[in-house]
Amino acid sequence: MKFNLKTIYKYTNINIDIDSLVKKLTKVGFESYLDDEYINISIPYNRPDCLNYFGIIKEINAITSVKVKKIIFDTVSKIKNEVKIKILDYNFCPKYSHIIIKNINNKKCTPSYIKKELKLNNINLHSIVVDIINYVTLLTGQPLHVYDLDKINKSISLKKIDVQNNILLLNNNKMNFNTDVFAIFDNKNILSIPGIIGCDISKVNNNTTSILIESAYFNDKIISNTSEKYNLFTKSSDIFGKKIDITRQKISLNLVIKLITEMIDGIASNIITKQNKLFIKNQRKIRLYKKNIYEILGKKIDCKKIENIFLNLDFKYIKLNKFWLLYIPFYRNDIEIEENIINEIIRYYGYENIPCVYPDIKTIFNKNENKIDLNYIKNLLVNYGYNEVINYSFVNKNIENIISKNKHLIYLKNPLSENMNVMRNSLLQGLSKTLQLNMNRKHDFLKLFEAGNIYSNDNNNYKEYKVIGGICTENNSIEYSTFIKKNNFFTIKNIVENILNIIYEKKIQIYNKIKHNFLDNEDSTEIIIDKCKVGIIGSLNNDILNIFSFKKKIYFFEIYINNKLFLKKDRKKYKEFSKFPHIRRDLSIIINKNILFRNLIKYISELNIIILKKIELLDIYEKNIDNNNKSITLMFIFQSNNNTLTYKDVDDKIDMIIKGLNEKFNSSLRL
Amino acid sequence: MIKYNLYIKKVEEELDNIKNKIDLNNIKSRYIGKNGILTNVIKNIIKYPKEERSIIGKELNNIKKKIIYLIEDKEKYISYKSLKEKDKKIDITLPGIGIKQGTTHIITKTINEIESFFEKMGFYLVDGNEIDTEFYNFDLLNMPKNHPSRNMHDTFYLNNNYLLRTHTSNMQIHIMKDNVPPFKIISSGKVYRKDSDITHTPMFHQIEGFIVDKNISLAHLKGILINFLYSFFGEKIPLNLRSSYFPFTEPSMEIDIECINCKGKKCSICSYTGWIEVLGCGIIHPNVFKNCNINNKIYKGIAFGMGIERLSMIKYNINDLRLYFENNIEFLKQF
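Thresholds, definitions, all that
Residues numbered from 1 in each chain as written. Chains lettered and ligands numbered in written order. Predicted model: local features only at pLDDT ≥ 70, side-chain atom pairs only at ≥ 80, totals over all residues. Helix = DSSP H or I, 4+ residues; strand = E, 2+ residues; numbered from the N terminus. Rg over C-alpha atoms; globule rule 2.2 N^0.38 Å. Buried ≥ 20, exposed ≤ 12 C-beta atoms within 10 Å, placed from the backbone. Contact = placed C-beta atoms within 7 Å. Nonpolar A, V, L, I, M, F, W, Y, C, P; charged D, E, K, R; others polar. Core = buried A, V, L, I, M, F, W, Y, C linked by C-beta atoms within 7 Å. Axes fitted to C-alpha atoms, helices over the stretch in contact; angles between N-to-C directions. Parallel < 35°, antiparallel > 145°, perpendicular 65-115°, else oblique. Domains from an automatic or database assignment.

Undergrad: So what exactly am I meant to see when it comes to the overall build of chain B here?
TA: Counting secondary structure elements, chain B contains 12 helices and 9 strands. The C-alpha radius of gyration of chain B comes to 40 Å, more than 25% above the 20 Å expected for a compact globule of 335 residues. Overall size of chain B, expressed as C-alpha extent along the three principal axes, is 120 × 45 × 45 Å. Within chain B, buried positions represent 38% of all 335 residues. Considering only residue pairs separated by 6 or more positions, chain B has 67% of its internal contacts joining residues 24 or more positions apart.

Undergrad: So what exactly am I meant to see when it comes to the interface of chain A and chain B here?
TA: For an interface, size is often stated in terms of accessible area lost upon the parts coming together. Taken together, the contact between chain A and chain B spans 69 residues of the former and 63 residues of the latter. Mapped onto the side of chain A that touches chain B, the elements with two or more residues apiece are helix H2 (18-27), helix H10 (290-297), helix H12 (338-349), helix H13 (374-383), strand S19 (387-388), helix H15 (428-440), strand S22 (447-458) and strand S23 (461-473) of chain A. Counting residues per element, the side of chain A that touches chain B draws most heavily on H12(A), at 6 residues. Taken together, the residues that form the side of chain A that touches chain B break down as 34 nonpolar, 22 polar and 13 charged.

Undergrad: How should I be thinking about the environment of A:Glu526 in this particular structure?
TA: With respect to the element layout, A:Glu526 can be found in strand S25 (residues 519-529). Excluding its chain neighbours within four sequence positions, the residues that come into contact with A:Glu526 are A:Asn512, A:Ile514, A:Lys533 and A:Ile536.

Undergrad: Got a minute to help me understand the environment of B:Ile107 in this structure?
TA: Structurally, B:Ile107 is set in helix H5 (residues 106-120). A residue is classified by how many C-beta atoms lie within 10 Å of it, and B:Ile107, with 21 of them, is buried. In this structure, the C-alpha to C-alpha distance between B:Ile107 and B:Asn159, residues 52 residues apart in sequence, is 30 Å. Sequence-distant contacts of B:Ile107, defined by excluding residues within four places in its chain, comprise A:Ile390, B:His205, B:Ile308, B:Ser312 and B:Tyr324.

Undergrad: Looking at this structure, how should I read the nonpolar core?
TA: Here is a general trend for soluble globular proteins: nonpolar side chains tend to be buried in one another's company. Residue and element names in this part refer to chain A. Val129, Ile211 and Val256 are the most contacted members of the largest nonpolar core, which has 210 residues in total. Apart from the residues lying within four places of it in its own chain, the contact partners of Val256 are Ile132, Ile133, Val136, Leu144 and Ile213. Of all hydrophobic cores here, the second largest spans 12 residues; its members include Ile583, Ile591, Ile611 and Phe638.

Undergrad: Where do I start with the packing of helix H11 (residues 303-313) of chain A against H12(A) in this structure?
TA: Packed helices, taken two at a time, are described by their axes: the angle between them and the distance between them. Residues and elements named next belong to chain A. As a packed pair, H11 and H12 sit with axes 10 Å apart at the nearest point and diverge in direction by 100°. Here H12 runs roughly perpendicular to H11, going by the angle between their axes. Contacts between H11 and H12 pair Lys305, Ile306, Ile309, Asn312 and Leu313 from the former with Glu344, Ile345, Tyr348 and Tyr349 from the latter. Per-class residue counts for the contact of H11 with H12 are 6 nonpolar, 1 polar and 2 charged.

Undergrad: In this structure, what is going on with the domain arrangement of chain A? I would like to understand it.
TA: Domain annotation for chain A reports domain 1 (2-64), domain 2 (84-280), domain 3 (283-352), domain 4 (370-566) and domain 5 (583-669). The distance between the C-alpha centroids of domain 4 of chain A and domain 5 of chain A comes to 35 Å.

Undergrad: When you look at the domain arrangement of chain B in this model, what are you seeing that I'm missing?
TA: Examined at the domain level, chain B breaks down into domain 1 (2-88) and domain 2 (106-332). The distance between the C-alpha centroids of domain 1 of chain B and domain 2 of chain B comes to 82 Å.

Right, here's the structure in full:
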């Protein structure tokens with residue numbers, strides 16, 4: 001909120017320079033900066049009492065330890081207040097004050113200093129009477145309402161509306177109010193919805209000569225609820241909704257009288273106040289224990305210093321042996337518990353005066369041990385030449401629907417834009433857009449990855465899963481510098497397998513060719529461990545290539561790492577390895593093209609050759625072989641845990657393998 | 001005897017004239033191979049009278065040793081020579097061959113820097129969930145029903161109940177509600193606010209930590225955080241501690257660091273204040289404890305949170321927040 005420096009100095013006795021005032025205000029939680037002759041102060045949410053001059057002045061007085069300048073306006077009543085008010089619900093309205101002023105001239109112009117002040121705080125200008133009361137609200141924080149006295153009957157009452165009513169409000173809107181809303185009535189009409197807005201019927205205009213001004217306290221909760229229910233938010237409802245000071249009604253009226261009689265003549269009446277005395281008697285009292293101050297702040301603060309802070313804040317107190325009993329001023333509605341007072345103490349005592357202490361570092365059993373180390377995986381990808389990107393979690397709905405066919409997406413109720421209206425169900429859209437952006441900038445060889453969450457709606461159960469995914473162009477890099485010139489299904493598969501080995505204990509990985517929404521049918525697969533899908537690999541299909549106008553082959557992979565069931569659970573334990581030399585044998589066989597490598601390996605492992613430690617693919621080719629066949633060269637490593645193997649041991653096993661393969665797959669040896 | 005010594009001289013001469021391994025092997029087999037000249041001489045030693053045999057035998061063995069030595073010496077020389085010749089053909093200034101390293105995102109790097117400090121301080125790392133209910137994200141954190149950050153203007157809602165978390169503080173509640181103190185937790189992740197301009201992105205990252213224990217106070221909070229900031233920025237930067245308001249802590253404070261750009265002399269980066277806000281923290285509000293069934297009489301809690309983007313912008317001199325999620329490779333490759 002912007003405050004005029006002149007006005008601040010008018011109502012205070014402070015004499016510190018403005019720079020130190022700004023600094024001090026910022027220090028106690030009111031971030032401020034200077035703006036010409038104004039000071040712009042951000043008022044914290046819990047301090048609506050400072051959203052007016054009198055409030056911030058109280059704070060400034062406390063900061064500067066300056067004695068409060070008493071603000072009194074003496075006014076003389078010259079006519080009798082002939083309007084009677086009847087309040088039917090003191091819970092809604094514990095205090096109601098009003099005056100009447102006659103013989104005013106509402107045609108005059110509003111003085112420029114008031115206009116300036118109102119404009120500064122985005123308050124619209126009206127006639128001078130309305131401008132004056134708005135100005136007074138700005139000063140005291142007390143919302144006021146003005147009625148044209150000649151348009152209303154002399155006896156008014158505050159009660160709930162008894163029949164549903166369509167009312168023309170002073171902002172020219174017609175609104176239908178139910179019977180749960182409080183209103184001010186004369187004997188014929190509804191004059192206003194108190195605390196929120198006036199009605200057209202009692203509205204003042206330039207020709208108004210007699211007015212009634214209302215200065216009341218309305219229940220904050222009832223006002224906010226009504227505002228919300230009817231979607232009717234006004235400056236007044238906003239202020240009442242944040243609770244006001246129940247002691248400022250009279251002073252506000254006196255200020256109004258002073259300004260109006262000075263500026264536009266008028267004869268004012270006495271102030272009539274109706275109130276619920278119990279409410280006033282119920283001043284909030286809080287006990288503050290000395291030991292709690294130390295426990296929370298970690299420092300013993302001298303009692304004199306604390307009491308001095310109370311004095312500056314205008315907190316009355318009784319000092320007892322172990323605690324102070326504090327009487328909280330009515331304008332400090334934010335102070336409800338002991339901690340709030342400790343906050344006040346530290347605010348003024350200064351955080352810099354608290355010592356720095358290390359807490360004891362207790363041994364915490366390392367529960368982090370078995371968590372998957374995402375950084376380890378990220379570094380692995382970095383070593384494969386991938387760059388990490390971070391995309392927004394919300395993506396374009398239309399594209400995501402193509403990518404995640406038949407899946408239930410999570411839509412945003414209030415998205416920022418069309419391109420961000422659904423939570424991603426795959427990393428693909430974000431990665432593709434990033435790839436597209438960089439390719440448009442002439443970066444042709446790209447390998448990008450992202451780790452983050454994807455989201456899905458399982459029967460209105462909103463779920464998020466941690467995934468890691470990557471995208472790359474087919475060409476790896478300029479020809480010279482890489483030994484693998486091109487990325488293909490198998491180079492990606494290698495990366496994915498290495499990552500899966502980090503994440504999952506189980507190694508049984510089944511690859512299934514799948515019909516996929518966004519991957520090519522030929523070179524794509526899903527990866528399964530124990531019937532659970534843990535990832536996909538493949539090149540993007542034409543539909544997706546077209547969406548992002550990719551002209552080259554693009555590979556994509558995605559790994560799901562949130563499946564707790566399969567994550568590594570146990571601490572690794574050292575296993576004894578064989579100290580005896582191994583023997584290697586290479587075998588080239590010619591075998592039918594359609595026989596999957598997986599089946600070949602599976603068959604050999606099912607021969608249960610204990611000394612066979614490892615089989616690896618050395619070479620595979622189809623050239624110079626007849627059409628139905630391919631040549632596969634395998635490397636076998638034999639090793640025993642108990643003794644040095646002889647050539648004969650190994651030759652027997654190799655013969656067994658050759659024979660077996662021959663019988664099972666009709667394969668032949670290639671010599 | 002002398003005629004045998006001539007072999008040495010002959011071998012020496014022949015070795016002088018050769019330059020490759022093949023010739024060397026020829027010489028080797030000619031003299032000391034299975035049918036070599038010297039081998040045959042040694043084989044024929046029986047022809048000599050018994051008394052001479054041992055002397056001649058010794059002599060021949062010495063000659064053989066000498067020849068072996070000469071050949072091995074030459075062998076070493078040849079392989080050294082050939083290595084040297086190969087080297088000569090290499091332009092060692094050509095680029096290395098292999099994969100050029102990629103990079104992790106600057107946010108990942110910054111989070112790692114921060115987390116490693118707190119892990120060493122004994123904090124336990126947890127993950128929070130990004131989709132949460134209004135109840136966990138606001139209500140239990142003592143955020144008033146009419147708090148402005150709750151409205152559709154500031155918070156992304158998924159339906160009437162679920163939303164995208166607006167801060168990492170929801171994690172605190174989940175931990176406190178489901179476990180028994182003491183706690184010493186650190187957690188980082190994505191948060192969402194409906195804001196998009198030069199200084200705001202609708203998604204950003206926060207890191208949040210809290211301790212719940214007996215005898216824990218504001219002094220501890222100061223001790224941890226001030227040392228963290230010194231460690232993170234690598235120097236004893238001047239700090240400004242000031243009072244603040246958060247619904248979930250009381251008292252609350254914010255910490256500013258002296259503007260790294262102007263060293264407190266006021267510039268556009270620090271909006272002419274000389275200070276940059278980096279961190280909010282405080283004593284966990286008793287209402288939050290109550291909501292999580294933690295006894296405020298026995299336990300106290302300290303909590304803090306900070307924005308990753310802001311911290312990394314300051315530390316790495318990044319002047320535009322939008323770079324973070326634009327993912328231009330020229331930006332990514334720098335870190």
